[in-house]
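An overview of the molecular structure
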Amino acid sequence: VTASLENCTVLVTGGAGFIGCAISQRLAPLVGSYVVLDNLHPQVHSARVRPADLHESATLVVGDVTEAPAWDGLLAEHSPDVVIHLAAETGTGQSLTESTRHAHVNVVGTTQMLDAFTRFERRPSHILLSSSRAVYGEGAWQRTDGEIFYPGQRTHAQLERGQWDYSEAISLPSSVGVTTPDPTSVYGATKLAQEQILRSWAQSFSVPTTVLRLQNVYGPGQSLTNSYTGIVALFSQLARRGESIPLYEDGDVTRDFVFIDDVADAFVAAAQRPPAISRAADIGSGERSSIAQMATLLAQHYDAPLPKVNGMFRDGDVRHAHCSISSAQALLEWEPRWSLAAGLAKLQDWLPTALA
Ligand SMILES: NC(=O)c1ccc[n+]([C@@H]2O[C@H](COP(=O)([O-])OP(=O)(O)OC[C@H]3O[C@@H](n4cnc5c(N)ncnc54)[C@H](O)[C@@H]3O)[C@@H](O)[C@H]2O)c1
């Protein structure tokens, strides 16, 4: 069912960020009113001004999702029909040492939102949540004899020995409803908590929900300075300066890099096709690439020296992350359109303006 959104008020928390701005360009023109609640977090918005990429018709309310008065002010003025909850602390590595901050924004930010709806007796017609591949942690693996197992988190000692993979086993693509979530980062645990809190609340009040578990999103508009989230942008800048990109572990860490336009399209498709109750889907390109492959494409683009393995590692990093997109294809009638090579080239086109 395609719902007409033209008379709807859409509220997007964290809607002034990377993914939020891309969604605004597509969704704001289709809806009656488009409202963004965002505190312009200094780690994301160094200038703390309205981002140029936020669609001109969007109303920006500067406020913190963890603060009840911010919600009271917003809901006194606006009555959201569709809510897209993006506001979050997003640094996986940083979440280990700043776990309270991550838990506060991601978990309490979600509960404050739901309590505010209760105070105002509002029941949105659909709430969408941007969850993460991080909820799967290392995901499920399969041994050569067919046995499926969950390796959990690699230990510090194992990484110190350079034992990156699990021998005689391969990592399986993660899939909603098939792969059991088992986060190995504080960030991943807070994203899973968001999903579970939202679902419990929404089912009690018969509010339909969509959870999209995003793989690694990249593309124009992504942060160039946030070393916790922007590996593709950081590597792009190294290659552009003619430097060799350093590769952690043996370079064969794999990820599913999904282009920003595909992610924004997935949110719009989900908003246009609300579920009867609750649903969840994985959003990725459907392709897995090693960090070395991604870095090599960038080095070739700039004729820079080839990437070099440096054997370093980060505790809590998962070895392989990739997903099956069949749930998204079936539930959202959505398809990713961008190959990694095309998406990386598009990002490079944008870099000079962004760096200027
Ligand atoms: N980018 C990715 O690769 C990726 C992958 C998986 C999941 N996600 C999820 O997608 C969502 C959006 O991510 P993004 O990449 O656009 O990040 P981003 O950092 O660019 O955007 C997040 C936005 O939230 C705002 N924000 C942060 N704390 C806030 C608070 N307390 N109150 C109000 N606003 C607050 C920030 O100012 C920012 O504008 C997040 O929920 C993230 O967990 C992103």
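In short, a report on the structure.

Reading the values: the criteria
- Residues numbered from 1 in each chain as written.
- Predicted model: local features only at pLDDT ≥ 70, side-chain atom pairs only at ≥ 80, totals over all residues.
- Heavy atoms only, no water.
- Helix = DSSP H or I, 4+ residues; strand = E, 2+ residues; numbered from the N terminus.
- Expected span 1.5 Å × (residues − 1).
- Bend = angle between axes of the 7 residues up to and from the residue.
- Contact = heavy atoms within 4.5 Å.
- Near = heavy atom within 4 Å.
- Polar contact = N/O pair within 3.5 Å; in protein donor to acceptor, adjacent residues only side chain to side chain.
- Areas by Shrake-Rupley, 256 points an atom, 1.4 Å probe, with all protein chains shown as cover.
- Nonpolar A, V, L, I, M, F, W, Y, C, P; charged D, E, K, R; others polar.
- Pairing = 2+ DSSP bridges.
- Axes fitted to C-alpha atoms, helices over the stretch in contact; angles between N-to-C directions.
- Parallel < 35°, antiparallel > 145°, perpendicular 65-115°, else oblique.
- Left-handed = near helix turned anticlockwise from the far one by under 90°.
- Core = buried A, V, L, I, M, F, W, Y, C linked by side-chain atoms within 4.5 Å.
- Buried < 20%, exposed > 50% of the residue type's maximum accessible area, 1.4 Å probe, protein only.
- Phe/Tyr/Trp six-rings, centres within 6.5 Å; stacked < 30°, edge-to-face > 60°.
- Salt bridge = Lys/Arg side-chain N within 4 Å of Asp/Glu carboxyl O.

1. A few points about helix α4 (residues 99–119)
Since the α-helix advances by 3.6 residues per turn, residues separated by three or four positions end up pointing in the same direction. An ideal rise of 1.5 Å per residue puts 30 Å on 21 residues; α4 measures up with 28 Å between its terminal C-alpha atoms. Taking the largest bend as the criterion, α4 deviates by roughly 30 degrees, centred on V108. Buried residues in α4 make contact with β1 (9–13), α2 (68–77), β4 (82–85), α3 (94–97), β5 (126–132) and α6 (186–204). Phi turns positive one or two residues past the end of α4, at E121, with a value near 50 degrees.

2. Some points on the site of the ligand
Contacts to the ligand come from 28 residues, most closely from D38, H45, L86, Y187 and K191. At 3.0 Å from a nitrogen atom of the ligand is found a main-chain nitrogen or oxygen belonging to V65. Starting from 820 Å² of accessible surface for the ligand in isolation, the protein chains cover 93%. Secondary structure elements with two or more residues in the shell around the ligand: α1 (18–27), β5, α6 and β10 (216–218). Among the elements that line the shell around the ligand, the one with the most residues is β5, at three residues. By residue class, the composition of the shell around the ligand is 13 nonpolar, twelve polar and three charged.

3. Some words on the sheet that holds strand β8 (residues 169–171)
On the basis of which strands lie adjacent, the open sheet formed by three strands has the order β7-β6-β8 and antiparallel pairing. Strands at the two margins of the open sheet, each flanked by one partner only, are β7 (148–149) and β8. For strand β6 (residues 141–143) and β8, the ladder comprises three bridges, and the chain directions are antiparallel. Along β8, the bridge assignment pairs R143 with A169.

4. Some details on the packing of helix α9 (residues 291–302) against helix α11 (residues 340–355)
Between α9 and α11, the least distance of the axes is 11 Å, while the angle of their chain directions is 50 degrees. Classed by the angle they form, the pair α9 and α11 counts as oblique. Relative to α11, the crossing made by α9 is right-handed. Residues M294, L297, L298, H301 and Y302 of α9 touch α11, and the partners they reach there are L340, A341, L344, A345, Q348 and L351. Taken together, the residues of the contact of α9 with α11 break down into nine nonpolar, two polar and no charged.

5. Some remarks on the nonpolar core
Counting residues in each nonpolar core, the largest one holds 66 residues, and the members touching the most others are Y34 and F267. With nine residues, helix α8 (residues 260–272) is the single largest residue contributor to this core. Ignoring sequence-local partners within four residues, the contact set of Y34 consists of V10, V12, G20, I23, S24, L27, A28, S57, A58 and T59. Of all hydrophobic cores here, the second largest spans 22 residues; its members include W71, V83, F117 and L198.

6. A few points about α9
Look at α9: 17 Å from first C-alpha to last across twelve residues, which is about the 16 Å you get at 1.5 Å a residue. Residues of α9 that are buried make contact with α7 (231–240), β11 (246–247), β12 (254–255), β13 (257–259), β15 (289–290) and α11. A positive backbone phi angle near 55 degrees is found at D303, which sits one or two residues after α9.

7. As for the side chain of T210
In this fold, T210 is placed in strand β9 (residues 209–214). A relative accessible area of 1% means that T210 is categorised as buried. A polar contact of 2.9 Å, which involves the side chain of T210, links it to the side chain of R279.

8. Re the environment of V258
Here V258 shows up in strand β13. Overall, V258 belongs to the buried group, its relative accessible area being 0%. The spatial distance from the C-alpha of V258 to the C-alpha of T90 is 16 Å, given a sequence separation of 168 residues. Residue contacts for V258: discarding those within four places in its chain leaves Q215, N216, V217, Y218, V263, I283, G284 and S285.

9. Quick look at the packing of aromatic side chains
Under the definition given, this model contains nine aromatic pairs. Geometrically, the ring pair formed by W71 and F117 is edge-to-face, given 6.1 Å between the ring centres and 70 degrees between the ring planes. Here W71, found in helix α2, pairs with F117, found in helix α4; they are 46 residues apart in sequence, far enough to count as distant. Here W71 falls in the buried class, since its relative accessible area comes to 0%.

10. Considering the pattern of salt bridges
Across all of its chains, the model carries 16 salt bridges by this definition. A salt bridge links D261 to R26, with the shortest nitrogen-to-oxygen separation between them at 3.4 Å. Taken together, the residues span a long stretch of sequence, with D261 in helix α8 and R26 in helix α1 at a distance of 235 residues. Taking the relative accessible area as the measure of exposure, D261 reaches 23% and is therefore partly exposed. A salt bridge links R101 to E98; the nearest nitrogen and oxygen atoms lie 2.5 Å apart. Residues joined by salt bridges that share partners form a network here, namely E138, R154, D165, E249, D250 and R319.

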